[in-house]
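Architecture and fold: a report
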Amino acid sequence: EAGVTQFPSHSVIEKGQTVTLRCDPISGHDNLYWYRRVMGKEIKFLLHFVKESKQDESGMPNNRFLAERTGGTYSTLKVQPAELEDSGVYFCASSQDRVTRAFFGQGTRLTVV
Amino acid sequence: KQEVTQIPAALSVPEGENLVLNCSFTDSAIYNLQWFRQDPGKGLTSLLLIQSSQREQTSGRLNASLDKSSGRSTLYIAASQPGDSATYLCAVLGSSNTGKLIFGQGTTLQVKP
């Protein structure tokens, strides 16, 4: 069974540009989460989808971040325009329900220069 | 607001030693607690998950305990090996069952041959 897959693994962009991160969850997992770890800080929750619906987006930093999960399958996280402080590792996770074990992807390392 | 703290931030031990990693959380109203392992450039691998009603979980050389009333968990690694070198993260799931994990900053372990 394939795990959670994230694309790209690394991305280096200039300040002001747009970047889109993609997450393919484990097939059949309705719950999809985005997390982020910035340098020197703990991993922090960004948002939670149940199927195609945003269940909780309380962790989204600002309106430059837009997450979608059309059709309830894969998800994208777009940062537009990117700022220097957006640099970090973005993780995606999925689970069958809210209380069972979540499986994490390998992360996307985003560097904004 | 739930806060998770891990001590120490880094640990270096010789191969063969038994060691304990600590995790504390401020709000005892949790649903479960997980210990994760992260290797450099890799995703998070769930090692052990302890439900709030449980006191401990064991997997091979790993044993995790949970004292919910005092807001503490420990991860015990027996007979450490160089392959155990990684960052270990503790995360709690709140009892509101939102699916959102709150992470500690992690303990980076180095086991020297």
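Our subject in this report is the structure included herewith.

Moving on: the packing of aromatic side chains. Across all of its chains, the model carries 8 aromatic pairs over all chains by this definition. Ring geometry for Y33(A) versus Y35(A): centroids 6.4 Å apart, planes at 40°, classification tilted. We classify Y33(A) as buried; its relative accessible area is 1%. The interplanar angle of 85° and the centroid separation of 6.0 Å between the aromatic rings of F104(A) and F103(B) together place this pair among those described as edge-to-face. Of this pair, F104(A) sits in strand β10 (residues 103-104) while F103(B) sits in strand β10 (residues 101-103), each in a different chain.

This part is about the state of the cysteines. What the rule picks out here adds up to 2 disulfides over all chains. Each sulfur in the disulfide pair C23(A) and C92(A) lies 1.8 Å from the other. Residues C23(A) and C92(A) are joined by a disulfide whose S-S torsion is about -65°; by sign, that bridge is left-handed. Taken together, the residues span a long stretch of sequence, with C23(A) in strand β3 (residues 19-24) and C92(A) in strand β9 (residues 88-95) at a distance of 69 residues. Using a relative accessible area of 0% as the deciding quantity, one classes C23(A) as buried. For C92(A), a relative accessible area of 0% translates into the label buried. Bridging C23(B) to C90(B), the disulfide has an S-S length of 1.9 Å. Measuring handedness by torsion sign, the sulfur bridge of C23(B) and C90(B) sits at about -55° and is left-handed. Remark: C90(B) occurs in strand β9 (residues 86-94) and C23(B) occurs in strand β3 (residues 19-25); sequence separation between them is 67 residues. Each of the two residues, C23(B) as well as C90(B), counts as buried.

Calculation criteria
Residues numbered from 1 in each chain as written. Chains lettered and ligands numbered in written order. Predicted model: local features only at pLDDT ≥ 70, side-chain atom pairs only at ≥ 80, totals over all residues. Heavy atoms only, no water. Phe/Tyr/Trp six-rings, centres within 6.5 Å; stacked < 30°, edge-to-face > 60°. Buried < 20%, exposed > 50% of the residue type's maximum accessible area, 1.4 Å probe, protein only. Helix = DSSP H or I, 4+ residues; strand = E, 2+ residues; numbered from the N terminus. Disulfide = S-S within 2.5 Å.

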